[in-house]
Amino acid sequence: MAEKEIKKSIDSATVDMLEKASSDGVSTAFSRAATMKPCPIGAEGSCCSNCAMGPCRVPMPRGREETLEDKQKRKGVCGATAETIAARNFARMIAAGTASHCDHGREVTKIFLAVAKGEAPGYKIKDEQKLLQLALDFGIKIGDRSNNEIAIDVGQTLSDEFGKQEGELLFLKRAPLKRQELWRKQGVVPRGIDREVTEAMHRTHMGTDQDYHSLLRHGVRTALADGWGGSMIATELQDVLFGTPSPVASQINLGVLKQDEVNIIIHGHEPYLAEIIAVVAQDPELIDYAKSKGAKGINLAGMCCTANEILMRHGIPIAGNFLQQELAIVTGALEAIVVDVQCVMQGLADAASCYHTKVITTDRRAHMQGATHMEFDEHKGTQSAKAILKAAIDNFPNRGKNVRIPKEKTDLIAGFSHETINYLLGGMFRASYRPLNDNIINGRIRGVAGVVGCNNPRVTHDMQLAMVKELIKNDVLVLQTGCMAMASAKAGLMVPEAAAKYAGAGLASVCEAVGIPPVLHVGACIDNSRLLMAATAMVKDGGLGDDLSDLPVVGAAPEW
Ligand code: SF4
Ligand code: SF4
């Protein structure tokens, strides 16, 4: 029987650009996913290539129930059972994700310390209040010391979290007490961030941990080192350095690209370069330089989580989410796509070779054949950013005639950090989640959902929207990060007026009273740590129980 073809996207700008890509002969993640079906053995986690005796494949029997005999045979050369192999694969996925978020956190810590020591002149500490709060949390002396002196101690304390060998990660103390006790009882309290990732790789290697319960327990420990460790460190230090987000208006989708300006997209995950580019792009000298090349100005937009970072703090528009990165090039109107780490497809280089777009890699850890490498140096941040923008401007005269920019762009309000939600709900002088809890207790709001994660061409792009709409219709407040936040924003769910249009009567009444959308943009993927803080605040402000599991909250990553 022929497989049912899935609809590629519910976003009309994406569908339009996929048609253009097809007529221009450009390969995209969508076309590659259509021609390369997922391997059914890998898809169920039944393949192991952890040693030279493999790869070993232990798939479930097709079209019938597994017998005892089948089960006996489903073993790798070393004797590893299908359960062990699947648990190892899953634990390695957790380790890779944790390593990525935590390397981001490590890089922030490094730059934070350089700023505090006066070695990174393009940056300064923007959120003093948050810096002092962190110092108080860690017992660091404040007195009459300067912000930079305090920041050195805060930065060093958090830097030590990565290489710590024993004890507990410091931010775990923020969790509800009952949860902390449960983690201790289960033996899943992370000791140091790098230690848990390394141990995950060791345990999952040939001949080490051979019990899937034990493997999965360490997976939990490693995941906690991500959410309450590296991700939280990244969020907190970025807020201190670049400012804690507050509500900001902007627009989203490929329609934010401009016909008559130098279009530059900044894409990836870590916001240090993007922060400086956002400022330097307004430099009158560079704007004049763009005009000298025939453009009317410089148009900066974001993509993926870097986009979320500069949207949350500067209101820079977003060109699209993960699956739209190649499509931005397909418009033919993109002078440069400036990338750092994570979520950057190698397919960008191929797509760019069909147009004039320059792919500029900027991070020492992430290179790409076919791209131009212009390494970012935080010690000379402004110089690095100017050189990158100049390269993009120089490319404007090379723009061809095969240009089509979709008209779609949607208004949104972002900037709902955990602190902002606190103030909006409780007011500046008695900031609190208690009004949210009260509205849950009185039944106006039925719960809170965190809907997060990446796109995936194996399912319909942005299909999460159906779930989000259903949740708000049923009076569930939705908090979002990453590419899922972008999907909802593109569909118009992130403006206050969306409450009357899409939310149930109870949720709509609360949103209207507070002046917030029914779906809140909380930030980038590392800002899932803000969701942990929001849920913890709900527990601490009382009335709903004394642990996270008592709350009417749920999390989902629907396309992943
Ligand atoms: S670790 Fe075991 S299951 Fe994995 S490849 Fe080696 S022999 Fe095969
Ligand atoms: S949601 Fe996923 S795909 Fe999108 S930027 Fe974040 S990590 Fe990357």
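About the thresholds
Residues numbered from 1 in each chain as written. Chains lettered and ligands numbered in written order. Predicted model: local features only at pLDDT ≥ 70, side-chain atom pairs only at ≥ 80, totals over all residues. Heavy atoms only, no water. Phe/Tyr/Trp six-rings, centres within 6.5 Å; stacked < 30°, edge-to-face > 60°. Helix = DSSP H or I, 4+ residues; strand = E, 2+ residues; numbered from the N terminus. Buried < 20%, exposed > 50% of the residue type's maximum accessible area, 1.4 Å probe, protein only. Patch = residues over 30% accessible without salt bridge, like charges linked within 9 Å, V, L, I, M, F, W, Y side chains within 5 Å. Areas by Shrake-Rupley, 256 points an atom, 1.4 Å probe, with all protein chains shown as cover. Salt bridge = Lys/Arg side-chain N within 4 Å of Asp/Glu carboxyl O. Near = heavy atom within 4 Å. Nonpolar A, V, L, I, M, F, W, Y, C, P; charged D, E, K, R; others polar. Domains from an automatic or database assignment.

Turning to the packing of aromatic side chains, a few remarks are in order. Summed over all chains, the structure comprises three aromatic pairs. With a centroid separation of 5.7 Å and 45° between ring planes, the pair formed by phenylalanine 138 and phenylalanine 171 is classed as tilted. Residue phenylalanine 138 is located in the loop between helix H6 (128-137) and helix H7 (147-163), and its partner phenylalanine 171 is located in the loop between H7 and helix H8 (177-186); the two are separated by 33 residues in the primary sequence. Like phenylalanine 171, phenylalanine 138 is buried. Ring geometry for tryptophan 183 and tryptophan 228: centres 5.7 Å apart, planes at 65°, overall edge-to-face. Linking tryptophan 183 in helix H8 with tryptophan 228 in helix H10 (residues 212-242), this pair joins segments that are 45 residues apart in sequence. On the basis of relative accessible area, tryptophan 183 is assigned to the buried category, the value being 8%.

On the surface, Phe90, Met93, Tyr212 and Leu216 cluster together into a nonpolar patch covering about 400 Å² of accessible area. Along the chain, phenylalanine 90 turns up in helix H5 (residues 82-116). Judged by relative accessible area, phenylalanine 90 falls into the partly exposed class, the value being 45%.

Our next topic: the site of ligand 2. Close to ligand 2 lie His269, Cys304, Cys305, Phe322, Cys343, Gly453, Cys454, Gly482, Cys483 and Cys525. At the level of elements, helix H13 (304-314) and helix H20 (482-490) are the ones that each hand at least two residues to the shell around ligand 2. Split by residue class, the shell around ligand 2 holds seven nonpolar, three polar and no charged. Residues from two domains meet in the shell around ligand 2; each of domain 2 (248-398) and domain 3 (417-556) gives at least three.

One can expect most non-glycine residues to show negative phi and most peptide bonds to be in trans. A cis amide bond, omega 0°, links glycine 54 with the succeeding residue proline 55. Examined against the element boundaries, proline 55 turns out to sit in the loop between strand E1 (47-48) and strand E2 (56-57). Residues other than glycine seldom take positive phi values, yet glutamine 342 does so here, at roughly 65°. Considering the arrangement of structural elements, one finds glutamine 342 in the loop between strand E7 (336-339) and helix H15 (347-352).

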